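Chain and residue survey
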Number of protein chains: 2
Amino acid sequence: MSEISADLDAVTAANTELYAAIESGDVERVAAMWDDADDVVCVHPGWPPVRGRSHVLRSWAVIMANTAYIQFFPTGADVGIDGDVAIVTCEHGLLARTDEKDTGFGETARVVASNVFRRRGDGWRLWSHHASPVLGGDDQEGTEAER
Amino acid sequence: MSEISADLDAVTAANTELYAAIESGDVERVAAMWDDADDVVCVHPGWPPVRGRSHVLRSWAVIMANTAYIQFFPTGADVGIDGDVAIVTCEHGLLARTDEKDTGFGETARVVASNVFRRRGDGWRLWSHHASPVLGGDDQEGTEAER
């Protein structure tokens, strides 16, 4: 396997693990994906940026504590690697329930995320995560044509 | 001036120029900020990702052709540099008018962007731009506390 191909596989695996970790509800597993550095930054959908490892991890703990169920359906991902930095831009359908007593299907949404990873001794770790809602509808035909 | 301080100044200037270019309505000036590479990627607020230099520049041309007036009010920015890659996470208040005949103040919004720059021979160029709306309101007190 070429070096480039191995890097692509490793970054893709790190990105897949991030979403599996969120789905699992295990905050420690999400924390393990973040770089152990103070310059990490995270933008949750609709949120202003959260900066610094301790603040970022606390924001995930709050979100995960208030999410009874979440599942991601990947609909597209693109990986760009330049030296020791990689950007994964990925889209997901999302199914989430905030109320455990809710027996319905919960809320659905379409989200896009830019995940910037840095290469560390033990693998690729998140430097930045920016997620935001994708607004659907016929008024986005121009957008679809760009894809 | 130290090398780190000079890099910080150069990245901050590139980020400032990006928003001045958008405000100017000059597509060529916005194009000059983007890296001349096919792995660039851009997420406009509410949009799915647009990938590749030609598609990204076309999306800006479409947006700028449909924006009569736009002005950004920076409310916060943070720069992280690691070698030849920099991430600027910045917030803006935004005032925009899509209709030239509109004599009112237009629409206001609050946006957050993650701008990833790469160092090139002639300066720092955009590798990725991800912008999204910040949803305000009292229900985001937890978020504000994280900042």
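First, a word on what this report is: a plain description of the structure on this page.

This part covers the overall build of chain A. What chain A contains, in helices and strands, is four helices and six strands. When the elements of chain A are put in sequence order from the N terminus, they spell out α-α-β-β-α-β-β-β-β-α. Out of the 147 residues belonging to chain A, those deemed buried represent 32%. Once local pairs closer than 6 in sequence are excluded, the contacts in chain A between residues at least 24 apart make up 49%.

What follows deals with the sheet that holds strand β3 (residues 69–82) of chain B. Residues and elements named next belong to chain B. In space, the six strands of this open sheet follow the order β2-β1-β6-β5-β4-β3, with mixed pairing throughout. Edge positions in the open sheet fall to β2 (50–51) and β3, since each of these has one partner strand only. Of the pairings in the sheet, the one linking strand β1 (residues 41–43) to strand β6 (residues 123–133) comprises three bridges and is parallel in character. Paired with Val43 across the two strands is His130, which belongs to β6. The strands touched by helix α1 (residues 3–24) are β3, β4 (85–97), β5 (107–120) and β6; relative to β3, the strand with the most contacts, the crossing angle is about 160 degrees.

In this complex, chain A contributes 35 residues to the contact, which on the side of chain B involves 35 residues. Of all elements in the fold, only β1 (41–43), β2 (50–51), α3 (53–65), β3 (69–82), β4 (85–97), β5 (107–120), β6 (123–133) and α4 (141–146) of chain A reach the threshold of two or more residues within the side of chain A that touches chain B. Tallying contributions element by element places β6(A) first for the side of chain A that touches chain B, with five residues. Tallied by class, the residues present in the side of chain A that touches chain B amount to 15 nonpolar, 11 polar and nine charged.

The next thing to look at is the pairing of β6(B). Residues and elements named next belong to chain B. Counting buried residues in β6 gives eight out of 11 residues, a clear majority hidden from the surface. For β5 and β6, the ladder comprises 10 bridges, and the chain directions are antiparallel. Bridging from a neighbouring strand, Arg120 pairs with Gly123 of β6. The loop that links β5 with its antiparallel partner β6 comprises two residues.

Turning to the pairing of β3(A), a few remarks are in order. Looking along a regular strand, one sees side chains alternate from face to face of the sheet. Residue and element names in this part refer to chain A. Both β3 and β4 contribute to a ladder of 13 bridges, which runs antiparallel. When the bridges of β4 are listed, Tyr69 appears paired with Arg97. Counting the residues in the hairpin turn of β3 and β4 gives two residues, including Gly83, whose phi is positive at 65 degrees.

Our next topic: the sheet that holds β6(A). Residue and element names in this part refer to chain A. Pairing is mixed in the open sheet, where six strands are placed in the order β2-β1-β6-β5-β4-β3. Whereas interior strands pair on both sides, the edge strands pair on one side only; in this sheet they are β2 and β3. Most of the contacts of helix α1 (residues 3–24) go to β3, to which it runs at about 160 degrees, and overall it touches β3, β4, β5 and β6.

Further remarks concern α1(B). Residue and element names in this part refer to chain B. Taking 1.5 Å of rise per residue, 22 residues should cover 32 Å, and α1 covers 31 Å from first to last C-alpha, within 8% of that figure. Buried within α1 we find Val11, Asn15, Leu18, Tyr19 and Ile22. Along the axis of α1, the buried positions cluster into a sector of 85 degrees, meaning they face one direction only. Of the exposed residues in α1, those oriented more than 90 degrees away from the buried face are Glu3, Ser5, Ala6, Asp9 and Ala13. On its buried face, α1 sits against α2 (27–31), β3, β4, β5 and β6.

Mapping chain A onto chain B leaves a residual RMSD of 0.0 Å; the transformation is a rotation of 180 degrees accompanied by 0.0 Å of translation along its axis. Taken together, these values place the two copies in the relation of a two-fold axis. Among all C-alpha atoms of chain A, that of A:Ser132 lies closest to the rotation axis, at 3.0 Å.

The rules behind the values
- Each chain has its residues counted from 1, running along the sequence as written.
- Going through the entries in the order they are written, you letter the chains from A and number the ligands from 1.
- Where local features are concerned, this predicted model is filtered to residues with pLDDT of at least 70; where side-chain atom pairs are given and counted, the filter is 80 or more; whole-chain, interface and lining totals use all residues.
- Numbering of helices and strands starts at the N terminus; helices are DSSP runs of H or I of at least 4 residues and strands are runs of E of at least 2.
- Any residue surrounded by 20 or more other C-beta atoms within 10 Å of its C-beta is treated as buried, while 12 or fewer makes it exposed and the intermediate range makes it partly exposed; C-beta atoms here are placed from the backbone.
- Whether two residues are in contact depends on their C-beta atoms, placed from the backbone: they are in contact if these lie within 7 Å.
- Think of it this way: DSSP has to see at least two bridges between two strands before they count as a pair.
- The angle between two axes is taken between their N-to-C directions and runs from 0 to 180 degrees, where each axis is a line fitted to C-alpha atoms and a helix contributes only its stretch in contact.
- Residue polarity is assigned by list, with Asp, Glu, Lys and Arg as charged and Ala, Val, Leu, Ile, Met, Phe, Trp, Tyr, Cys and Pro as nonpolar; anything else, Gly included, falls into the polar class.
- Helix span is expected to be 1.5 Å times the residue number reduced by one.
- In this description, the arc belongs to the directions extending from the helix axis to the C-beta atoms.
- Only residues with pLDDT of at least 70 in both copies count here: their C-alpha atoms drive the least-squares fit that superposes the copies.

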